[in-house]
Amino acid sequence: MIPVIFWGTLVVCGYMMEDYNHLTRLVSELGAIGTRTQYMFTTGLLACAILSVLFVVGLCRECKRRGISTIPALIILSFSVSIGGAAIFPLPLRLHLWAGMPSILLFFSPLAALILWRGEKAPADMRVWAIVSFLVMLLGFTAFMPDVLGAWPGLKQRFFHIGWSLWFIGLGRAFLRSPAPAGSGQE
């Protein structure tokens, strides 16, 4: 649900801004102070932040029930704080940049899952989701490399967003489709 709200917000707000190009312009421009889409964008991001916290709560409960580490789930809170902060402090406020920085820690969630979620207690297809989402999120680091895809800053930024979207989808699917093993506390 979180990726659907996020991408839906981007598409609708991008459509409402007549000259907006998703490949060349940054996501935060859709919520900049004074834009037609400021409040719609802010609402969408705040909904994603709140739902992300609830998602983490559910993931942590399921991790405890399975007897696996909650660390990969807890790292997702960096995303929750970041996306909520970006909504509360829109461009061009100085706090917008600082509020968005915690999201860089989200890269560690699939990496931690690869290390900590092993064996029969972990969801069956989690490793594939973790690897793919981690690699796509890494492409988002091209945003810090001006010589790589320099004319496409929006595309570079969206690699990160595609990566976390895949991670959230993968987590939801893997935990819902993979029953907890016997003796893990789930009846």
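Residues numbered from 1 in each chain as written. Predicted model: local features only at pLDDT ≥ 70, side-chain atom pairs only at ≥ 80, totals over all residues. Heavy atoms only, no water.

A. A look at the overall build of the protein chain. Scanning the protein chain from terminus to terminus reveals 8 helices and 0 strands. Walking the protein chain from its N terminus toward its C terminus, one meets helices and strands in the order α-α-α-α-α-α-α-α. A compact globule built from 187 residues would reach a C-alpha radius of gyration of about 16 Å, and the protein chain, at 17 Å, matches this within 12%. Each of the three principal axes of the protein chain carries a C-alpha extent, and together these read 55 × 35 × 25 Å. (Helix = DSSP H or I, 4+ residues; strand = E, 2+ residues; numbered from the N terminus. Rg over C-alpha atoms; globule rule 2.2 N^0.38 Å.)

B. Molecular detail of the nonpolar core. In terms of nonpolar packing, the biggest core is built from 41 residues, with Phe-6, Ile-76, Trp-117, Trp-164, Trp-167, Leu-171 and Phe-175 touching the most fellow members. The set of elements that each furnish at least two residues to this core consists of α1 (2-16), α2 (38-66), α4 (77-88), α6 (108-116), α7 (126-139) and α8 (153-177). Residue contributions to this core peak at 8 residues, all from α2. Not counting residues up to four positions away in its chain, the partners in contact with Ile-76 are Ser-52, Val-56, Leu-59, Leu-106, Ser-109, Trp-167, Phe-168 and Leu-171. (Core = buried A, V, L, I, M, F, W, Y, C linked by side-chain atoms within 4.5 Å. Buried < 20%, exposed > 50% of the residue type's maximum accessible area, 1.4 Å probe, protein only. Contact = heavy atoms within 4.5 Å.)

C. Summary view of the pattern of salt bridges. On inspection of all chains with the given rule, the structure shows 4 salt bridges. For Arg-25, the salt bridge is made with Asp-19, and the minimal N-O distance between the two is 3.3 Å. A salt bridge links Glu-29 to Arg-25; the shortest N-O distance between them is 2.7 Å. On the basis of relative accessibility, which here comes to 22%, the residue Glu-29 falls in the partly exposed class. Taking the relative accessible area as the measure of exposure, Arg-25 reaches 21% and is therefore partly exposed. (Salt bridge = Lys/Arg side-chain N within 4 Å of Asp/Glu carboxyl O.)

D. Representation of the packing of α1 against α8 in the model. Running from N to C, α1 and α8 cross one another at 150°; their axes reach a closest spacing of 9 Å. By the angle between their axes, α1 is roughly antiparallel relative to α8. In this structure, α1 contributes Ile-2, Pro-3, Phe-6, Trp-7 and Leu-10 to the contact, and α8 contributes Arg-158, His-161, Ile-162, Trp-164, Ser-165, Phe-168 and Ile-169. Tallied by class, residues from the contact of α1 with α8 come to 9 nonpolar, 2 polar and 1 charged. (Axes fitted to C-alpha atoms, helices over the stretch in contact; angles between N-to-C directions. Parallel < 35°, antiparallel > 145°, perpendicular 65-115°, else oblique. Nonpolar A, V, L, I, M, F, W, Y, C, P; charged D, E, K, R; others polar.)

E. Representation of the side chain of Ser-80 within the structure. Looking at where Ser-80 falls in the secondary structure, it is placed in helix α4. What makes Ser-80 buried here is its relative accessible area of 5%.

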